[in-house]
Structures are given as C-alpha cells and as structure tokens.
Amino acid sequence: MSPNFASNAFIAFLGFVLLFILKTGLRFIQVRLALKQIPGPPQSSLLWGEEWILYHNPPGSAYLDWHREFGKIVKFSGAFGHQVLSITDPRAISFIIGEGIYAFPKPDGVRAWFRATLGEGILWVEGKAAHEKQRRTLAPALSQQSVRNLTHVFYETSSKLASQWTALFDRSNSEEIEIEVTNWAGRFALDTIGRAAFSYNFDCLSGERHTLAEALDGLTNSENNLSSFYMRALFWIFPSILNIGKKGEMIRRTKQELGDIASRMWTDAQVAGDEQDKTLMALMMQADRSSRISMNEEEIVSQMRTTISAGYETVSAVLAWVLYELSTNQTLQSDLREELHNATDASFDELNSKYPLLDAVLKETLRLHAPILENHHEAGETITVPLSDPVPGTAEMHLVIPKGTLIAIPLNVIQTDPAVWGPDADKFRPQRWIERKKAGVKDARELLAFSEGYVFSTSHSA
C-alpha cells in the first residue's frame, strides 16, 4: 500500500467523521431550539444528560418526579445533548400510537437492539406494507379465540410449576423454604410459550440447567456496571455499540441460541406437517405454503425468536410481581385463596367472569408493574401533534415535534395518575377494579400494558 493511498484514506475517514459530527450536531441544535418552550429538568451532565439519573435510580422514578413537577410534556437531554420528549398527554399519545403511528417509527437504537437480539421480525420492521405482511401471519394466533383454545396449556404448565415447588418443600423437611421466584417464573414462561405457540416442550420446569433460560435471563437482567451504562446511554445515537464488549457477546450468544432452537423447531414442524393446528407454528406453516404471504426461513426464525423472547419477558415479569404483591399482603392472599378454593379447570370465559378478585389482582399488577416500562418512538418527520392541555405558559393545543426527536411514553406515570386512579394511585389495591366495575367505569382503555389502552398494536411497542 503506497503512503499516498494511506494518507488519502485517512483524510477521507476524518472527513466522514467531521461530516457526521457536523450533521448530528446541527440536528441536535435545531431540535433544541424548536423545543425550547417545553419545560424539563436542567441538564445534570453536559456529556451524559440525564442518562446517569435514569440508569442509577429505580426504574421509572425519574419520570414520575419530572412529570409531577413539569406537567404532561417534559423535555430532557440524553447523552451528548440529544433531546428527548417524555409525553403523558392522552390525546398526544393516542395520535402518536394511533393515527400517526407510521410517522413515529421506533428509534434507530431500538430497532438495532431488536435486530441484534431477535432478527428482522415484527418488532424490527417499519412501514405499513412490511408491518402488515408480518402481522397477517401472526394476528390469527394471537386472537382471543386462539388464546381461548390454549387455556389447557396454561393449566398444565401451572400445575407442573406447583408440583416442582411442592417437591422442593417435601425434600427440605422444613415448614418454610426460600424459592428464587424470578428464576422459576422465567422457566414457566418459556415452557408455556413453547407449548402454546409452537407445540414444543422446552422442559425448563424440570429444574435442570437450561442454556436458553440462562441466555435470556442474562440478557434481560443487566448488571449494574459502567459497561452496561455506556451501552444504555449511547445506543440511542450510536446503535453499533450493541456489538461491542461482553454485552455485545451476550447479545450475539442469545440470538444464536434462540435461532438454533427456532430452526430446530421449524424443521421438526415441517417433518410432522401438522398445519391444521391453531398454534403460531401451524399458522406460519400455512403462510409458508401461501404465495400471498411467503416468508423465507430467516424471517420465520426471526418471528419465532421474537415470540419466545416477548413471551419470556412479559409472562415471567407479571408472574413474579403477582407473587410478590400477594406475599406482602396476607389479607389479600387469604381472600384470593377463598375465591379460588372450589375452582376447577375453568374455561377462558369463566376465568374472565367468575373470579373478580383474581381478575382484579392481575389488572392491578399490570397497572403498577407494566412488563414494558417505556414506549419509545422517534419523529420520522416534523409533525404537529394535538394535545389535551396546552403546554405550560402557552395557549397552543398543538405541539410541533421536529424530525429526529426521541419520544418516551412512560407507562408508570400514566398508570399511576391520581386524576384517573384516585389519591392512592401508587398503592397496590386490586379492589379498585371491582369498585370501578360496579360504578360502570370502563377501564380497558386506561391500561397500556401489553398494548392495551392508548396503544394501537403490539408490533409498534418498543
């Protein structure tokens, strides 16, 4: 290689870096100027913005403080000064994740995360055509009727979990033992989603070491160290950081583990050839045979990775929080035991109608402990968003959001709003759901967990 070539290549590289810095800096300045009227906390760090506070405080606590002080639209800074809008205004949220959803795609960093961990599945795709192609494959398997038909699977895995815990008691020769609930909740989630979606038994509830369970647990339970902080703070503006270091290695290992299992399940399903079932696997096989919705194997594997990961995170989190809340309230625990004392293997419809306290406990858990704490979007274009209330200090009932602005929708703030849930909104009190039902209050539109309420579709959540 000649010295001149190396010199020219280096100059070209420096030029590219300089152009990137200037372009990014100009965009940050434009966004900052456009949002200067929006209130928010003063920048605590010129380099990291509020990322250090968000990372080192209890999840969601900073959003609660900010919205309590500044209202329903809050501006704060991320790393290197990029601007983030945190929005709890109900009309704005309805627009962002409803009518205007395709103008507010997932941020590049979030898409990079999904691509790195799960592949190019429904959580990664953007654009109406691409999204609807994948949704047509998944939607029938996620319908209420499909879930209704799988109720027996939930009973079977629940019974297996209870049997394992009973066996632990029996072996201990003690009246009390300590059980690592989060570990077992993850195993329960994997076995349930495997059986329900793919007619496949991961056998995680056997209690033996399981590589997939370990990989997912390591990915979702981040260590509190500097490398995890740097990745969390920087992936919004430098998505390639997801490929670096031990965390990057863990991401690749998890994706590989999920992919190997998904490929094996797909191969086994094709050999068995059972397309008449109503599981997600059977529906994907039907789609694979259809010229109308054809998918290559990598797309299929990506959908399977997505389903396994999403089921693992949400189901395990909800189960763990339900058990935690019951363990701290003996009266509630006794009342729920009494309600379920004579319960048999109720049907899906009976579960929704005959056990009001059980239903209330689950809804209250989703309200206070939403599996997805924040919903993230990015303005794909400069766009005007309607508001329920004017921005403080103005009479404007619309907000102009500049292209490239990151948007956070904090579910914990919305679902603990005293104006909606009363002065005890921050307390775990399932009876509120029974009281609201008796008063004729329709509650379904006020929960964003699992994409209820304002949320338009699971595929747009981040």
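Conventions adopted
- Residues numbered from 1 in each chain as written.
- Predicted model: local features only at pLDDT ≥ 70, side-chain atom pairs only at ≥ 80, totals over all residues.
- Heavy atoms only, no water.
- pLDDT = per-residue confidence, 0-100.
- Contact = heavy atoms within 4.5 Å.
- Helix = DSSP H or I, 4+ residues; strand = E, 2+ residues; numbered from the N terminus.
- Salt bridge = Lys/Arg side-chain N within 4 Å of Asp/Glu carboxyl O.
- Buried < 20%, exposed > 50% of the residue type's maximum accessible area, 1.4 Å probe, protein only.
- Pairing = 2+ DSSP bridges.
- Axes fitted to C-alpha atoms, helices over the stretch in contact; angles between N-to-C directions.
- Polar contact = N/O pair within 3.5 Å; in protein donor to acceptor, adjacent residues only side chain to side chain.
- Phe/Tyr/Trp six-rings, centres within 6.5 Å; stacked < 30°, edge-to-face > 60°.
- Expected span 1.5 Å × (residues − 1).
- Patch = residues over 30% accessible without salt bridge, like charges linked within 9 Å, V, L, I, M, F, W, Y side chains within 5 Å.
- Areas by Shrake-Rupley, 256 points an atom, 1.4 Å probe, with all protein chains shown as cover.
- Core = buried A, V, L, I, M, F, W, Y, C linked by side-chain atoms within 4.5 Å.
- Arc of directions from axis to C-beta.

**So, the confidence of the model for the protein chain**
- Summarising the model, the protein chain shows a mean pLDDT of 85, and 85% of its residues fall at 70 or more.
- Confidence over residues 450-462 falls short of pLDDT 50; this stretch has 52 contacts with residues more than four positions distant or in other chains.

**Some remarks on the environment of Pro 41**
- By secondary structure assignment, the location of Pro 41 is in the loop between helix H1 (3-34) and helix H2 (51-56).
- Expressed as a C-alpha distance, the spacing of Pro 41 and His 67, which sit 26 residues apart in the sequence, is 9.9 Å.
- In contact with Pro 41, other than residues within four places in its own chain, are Trp 66, Phe 70, Val 74, Lys 75 and Phe 76.

**Description of the side chain of Asn 412**
- Along the polypeptide, Asn 412 turns up in helix H18 (residues 411-414).
- Among all residues touching Asn 412, those that are not within four sequence positions of it are Gly 60, Ser 61, Leu 64 and Leu 373.

**Considerations on the pattern of salt bridges**
- The full count for this structure, using the stated rule, is 16 salt bridges.
- A salt bridge links Arg 115 to Glu 120, with the shortest nitrogen-to-oxygen separation between them at 2.9 Å.
- Residue class for Arg 115 comes out partly exposed when judged on its relative accessible area of 44%.
- Arg 429 is the salt-bridge partner of Glu 435, the closest N and O atoms lying 3.0 Å from each other.
- Residue Glu 435 is classed as partly exposed on the basis of its relative accessible area, which comes to 42%.
- On the accessibility criterion, Arg 429 (26% relative accessible area) is partly exposed.
- Through salt bridges that share partners, Glu 364, Arg 367, Asp 424, Arg 429, Arg 432 and Glu 435 make up one connected network.

**Examining the sheet that holds strand S2 (residues 83-87)**
- The sheet built from four strands is open, its strands ordered S1-S2-S6-S3 with mixed pairing. Of all the strands in the sheet, the pair left with one neighbour each is strand S1 (73-77) and strand S3 (374-378). Between one strand axis and the next, the sheet turns through 25° on average, direction left out of account.
- For S3 and strand S6 (residues 406-410), the ladder comprises five bridges, and the chain directions are antiparallel.

**Notes on the pairing of S1**
- Here S1 lies mainly inside the structure; five of its five residues are buried.
- Residues Ile 73, Lys 75 and Ser 77 point to one face of S1 and Val 74 and Phe 76 to the other, with burial holding for every one of them.
- With five bridges joining them, S1 and S2 adopt antiparallel strand pairing. Within the sheet, the bridge partner assigned to Ile 73 lies in S2 and is Ile 87.
- Here S1 folds back onto S2, and the loop between the two strands holds five residues, one of which, Phe 80, carries a positive phi near 60°.

**A word on the environment of Glu 364**
- Counting through the fold element by element, Glu 364 comes out in helix H17 (residues 356-368).
- What Glu 364 contacts, discounting residues up to four positions off in sequence, is Lys 427, Phe 428, Arg 429, Pro 430, Arg 432 and Trp 433.
- Here Arg 432 takes part through its side chain, which lies 3.0 Å from a polar atom of the side chain of Glu 364.

**Notes on the packing of aromatic side chains**
- Summed over the entire model, instances satisfying the criterion amount to 15 aromatic pairs.
- On the basis of an interplanar angle of 75° and a centroid distance of 5.9 Å, the ring pair of Tyr 63 and Phe 76 is categorised as edge-to-face. Remark: Phe 76 occurs in strand S1 and Tyr 63 occurs in helix H3 (residues 61-70); sequence separation between them is 13 residues. The same class applies to Tyr 63 as to Phe 76, namely buried.
- Look at Tyr 200 and Phe 202: their rings are 5.3 Å apart centre to centre, the planes differ by 65°, and that puts the pair in the edge-to-face class.
- The class for Tyr 200 is partly exposed, based on a relative accessible area of 21%.

**Topic: helix H12 (residues 245-272)**
- Compared with the 40 Å implied by 1.5 Å per residue over 28 residues, the 41 Å span of H12 between its first and last C-alpha is a close match.
- Of all the positions in H12, only Lys 247, Gly 248, Met 250, Ile 251, Thr 254, Leu 258, Gly 259, Ile 261, Ala 262, Met 265, Trp 266 and Ala 269 are classed as buried.

**Here we look at unusual backbone geometry**
- Positive phi outside glycine occurs at Asn 173, with the angle close to 55°.
- On the secondary structure map, Asn 173 appears in the loop between helix H8 (151-172) and helix H9 (181-198).
- With a phi close to 60°, Asp 203 is a non-glycine residue in the positive phi region.

**A closer look at a nonpolar patch on the surface**
- A cluster of nonpolar side chains, Leu 47, Phe 80 and Phe 238, forms an exposed patch at the surface whose accessible area comes to about 260 Å².
- Among the structural elements, Leu 47 can be located in the loop between H1 and H2.
- Here Leu 47 falls in the partly exposed class, since its relative accessible area comes to 40%.

**Here we look at the nonpolar core**
- With 61 residues, the main nonpolar core has Leu 190, Phe 198, Phe 202, Met 304 and Ile 308 as its most contacted residues.
- For this core, the leading source of residues is H12, giving seven residues.
- Discounting chain neighbours no more than four positions away, the residues touching Phe 198 are Ile 193, Met 265, Leu 280, Met 281, Met 284, Met 304, Thr 307 and Ile 308.
- Core analysis: the second largest hydrophobic core is formed by 27 residues, Val 31, Ala 379, Val 391 and Ile 409 among them.

**Some details on helix H10 (residues 211-220)**
- Regarding H10, the residues found buried are Leu 212, Ala 213, Ala 215, Leu 216 and Leu 219. Buried residues of H10, viewed axially, fall in a sector of 165°; they line one side.
- Contact partners of the buried residues in H10: helix H5 (108-117), H9, H12 and helix H14 (297-327).

**What about the side chain of Thr 254?**
- Positionally, Thr 254 belongs in helix H12.
- Judged by its relative accessible area of 1%, Thr 254 is buried.
- In this structure the side chain of Thr 254 is engaged in a polar contact, spanning 2.8 Å, whose partner is the backbone oxygen of Met 250.
- Setting aside residues up to four positions removed in sequence, Thr 254 forms contacts with Ala 215, Leu 216 and Leu 219.

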